[in-house]
Amino acid sequence: MAEFHFVEDYEKHVARLMRDHPIDEAMSLDVGGAYDIIGRIEAEALVKNGLRDGMRLADVGCGSGRTAVALARRLRIDYDGYDIVQALLDYARSKAPEKYRFHMNRAVKLPAPDATFDYVCAFSLFTHLLHEETFIYMRDCHRVLKKGGKLLFSFLEFRMAALWSIFEATVKQYEASTRPTLNMFLERQAIEVFAAKIGFSVEAFIDADAPVLDGHKLGQSMCVMVR
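Quantities reported herein were computed from a predicted structural model and do not represent experimental measurements.

Novice: Break down the pairing of strand S7 (residues 221-226) for me, with residues and values.
Specialist: The buried fraction of S7 amounts to six of the six residues, a majority that puts the element mostly inside the structure. Every second residue of S7 is oriented toward a common face, with Ser221, Cys223 and Met225 on one face and Met222, Val224 and Val226 on the other, all of them buried. As paired elements, strand S5 (residues 145-155) and S7 share six bridges and run antiparallel to each other. In the sheet register, Ser154 faces S7, and the bridge partner there is Met222. The pairing of strand S6 (residues 201-206) with S7 spans five bridges and is antiparallel. Residue pairing for S7: Ile206 is matched across the bridge by Met222.

Novice: Hey, could you go over the nonpolar core for me, with residue numbers and the actual values?
Specialist: Leu71 and Phe102 are the most contacted members of the largest nonpolar core, which totals 30 residues. If one sorts the elements of this core by residue count, helix H3 (residues 35-48) sits on top with six residues.

Novice: Report on the pattern of salt bridges, specifying residues and quantitative values.
Specialist: The final tally for this structure, using the stated rule, is 19 salt bridges. Note that Asp114 and Arg143 form a salt bridge whose closest N and O atoms lie 2.9 Å from each other. Residue Asp114 is located in the loop between strand S3 (101-104) and strand S4 (117-122), and its partner Arg143 is located in helix H6 (residues 131-144); the two are separated by 29 residues in the primary sequence. You can call Asp114 exposed: its relative accessible area is 53%. Residue Asp207 is joined to Arg159 by a salt bridge in which the shortest nitrogen-to-oxygen separation is 3.5 Å. Note that Asp207 is positioned in the loop between S6 and S7 and Arg159 in the loop between S5 and helix H7 (164-175), a separation of 48 residues in sequence. One connected set of salt bridges, linked through shared partners, spans Arg56, Asp78, Asp80 and Arg101.

Novice: Tell me about the sheet that holds S3, and please be specific about residues and values.
Specialist: Sheet architecture is open: seven strands sit in the order S3-S2-S1-S4-S5-S7-S6, paired in mixed fashion. One side of each edge strand has no neighbouring strand; the edge strands of this open sheet are S3 and S6. In this sheet, adjacent strand axes meet at a mean angle of 15° when their direction is disregarded. Looking at chain direction, strand S1 (residues 56-60) and S4 are connected through three bridges and run parallel. Note that in S4 the partner of Asp59 across the bridge is Cys121. Against the sheet, helix H5 (residues 86-95) engages strand S2 (78-83) and S3, with an angle of about 175° to S3. Packed onto the sheet, H6 meets S1, S4, S5 and S7 and runs at close to 150° relative to S5.

Novice: Can you break down the packing of H3 against helix H4 (residues 66-74) residue by residue, with the values?
Specialist: Two packed helices can be described by the angle between their axes and the distance between those axes. At a minimum axis distance of 8 Å, the contact between H3 and H4 shows a crossing angle of 60°. Comparing the axis directions of H3 and H4 gives the class oblique. In this structure, the crossing between H3 and H4 has a hand that is right-handed. Contacts from Tyr35, Asp36, Ile38, Gly39, Arg40, Glu42, Ala43, Glu44, Leu46 and Val47 in H3 reach Arg66, Thr67, Val69, Ala70, Leu71, Arg73 and Arg74 in H4. Split by residue class, the contact of H3 with H4 holds eight nonpolar, two polar and seven charged.

Novice: Please set out H6 residue by residue, giving values where relevant.
Specialist: Each full turn of the α-helix corresponds to 3.6 residues, which orients residues three or four apart in the same direction. Taking 1.5 Å of rise per residue, the 14 residues of H6 would be expected to cover 20 Å, and the 20 Å separating its terminal C-alpha atoms lies within 8% of that figure. In the core, the buried residues of H6 are packed alongside S1, S4, S5, helix H8 (188-198) and S7.

Novice: Explain the packing of aromatic side chains to me, and be specific about the residues and the numbers.
Specialist: Counted by the stated rule, this structure contains 12 aromatic pairs. Here Tyr35 and Tyr91 contribute two aromatic rings whose centre-to-centre distance is 6.3 Å and whose plane-to-plane angle is 90°, an arrangement assigned as edge-to-face. Here Tyr35, found in helix H3, pairs with Tyr91, found in helix H5; they are 56 residues apart in sequence, far enough to count as distant. Judged by its relative accessible area of 10%, Tyr91 is buried. On the numbers, 5.4 Å between centres and 55° between planes, the contact of Tyr79 with Phe102 is tilted.

Novice: Let's hear about the state of the cysteines: which residues, and what values?
Specialist: As enumerated under the stated definition, the model contains zero disulfides in all. You can see Cys121 has no disulfide; the closest cysteine sulfur is in Cys62, sitting 9.1 Å from it. For Cys121, a relative accessible area of 0% gives the class buried.

Rules and cut-offs
Residues numbered from 1 in each chain as written. Predicted model: local features only at pLDDT ≥ 70, side-chain atom pairs only at ≥ 80, totals over all residues. Heavy atoms only, no water. Buried < 20%, exposed > 50% of the residue type's maximum accessible area, 1.4 Å probe, protein only. Helix = DSSP H or I, 4+ residues; strand = E, 2+ residues; numbered from the N terminus. Pairing = 2+ DSSP bridges. Core = buried A, V, L, I, M, F, W, Y, C linked by side-chain atoms within 4.5 Å. Salt bridge = Lys/Arg side-chain N within 4 Å of Asp/Glu carboxyl O. Axes fitted to C-alpha atoms, helices over the stretch in contact; angles between N-to-C directions. Contact = heavy atoms within 4.5 Å. Parallel < 35°, antiparallel > 145°, perpendicular 65-115°, else oblique. Left-handed = near helix turned anticlockwise from the far one by under 90°. Nonpolar A, V, L, I, M, F, W, Y, C, P; charged D, E, K, R; others polar. Expected span 1.5 Å × (residues − 1). Phe/Tyr/Trp six-rings, centres within 6.5 Å; stacked < 30°, edge-to-face > 60°. Disulfide = S-S within 2.5 Å.

In short, geometric facts, not functional conclusions.
The structure is reproduced here in structure tokens:
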């Protein structure tokens, strides 16, 4: 089974953060900073788009647990988080409710039976994957979702002017051979093609600069798909 193309690089990135910063700061920086508020924004986006008490959620690319921590304050759900770096999973486990489950998963698929989940989320995951990896992962999200289940994910797109600075920074890092992780842009037309090929219907797109929680925005665009 294929694995993500950058596991070793990302492990090294996390290790550098843990070496250079206190653990809480390192775990926040790893997911882009603003651990608490971004987690709350992500939880609000999920609630606004149909996540409810009693549902089973797969948080793919759960990182250091900011979404899990925020969701635990809002809902009573059955939660499974997946990531590729053990240090992130360990930290997330230490912050989240004991009943939440966290799994190491380096395959470009989910280790779960068909029709397991009511909801799947993927924040800042497809932003770091090659397009073929994103397609394979979306296809597997469709497999593990129950009929009528939803996939909500964030993505980077050139049509949002505020996201151009991310691309510029990526270009500079590439030119200096200092790029720590891949930043991949994915346009809405491509997402619609992926959805149609897989069998999803696109329910909504949410602009990167759209307020989600008390005027705060996520800073990435989001898409909601229905199986």
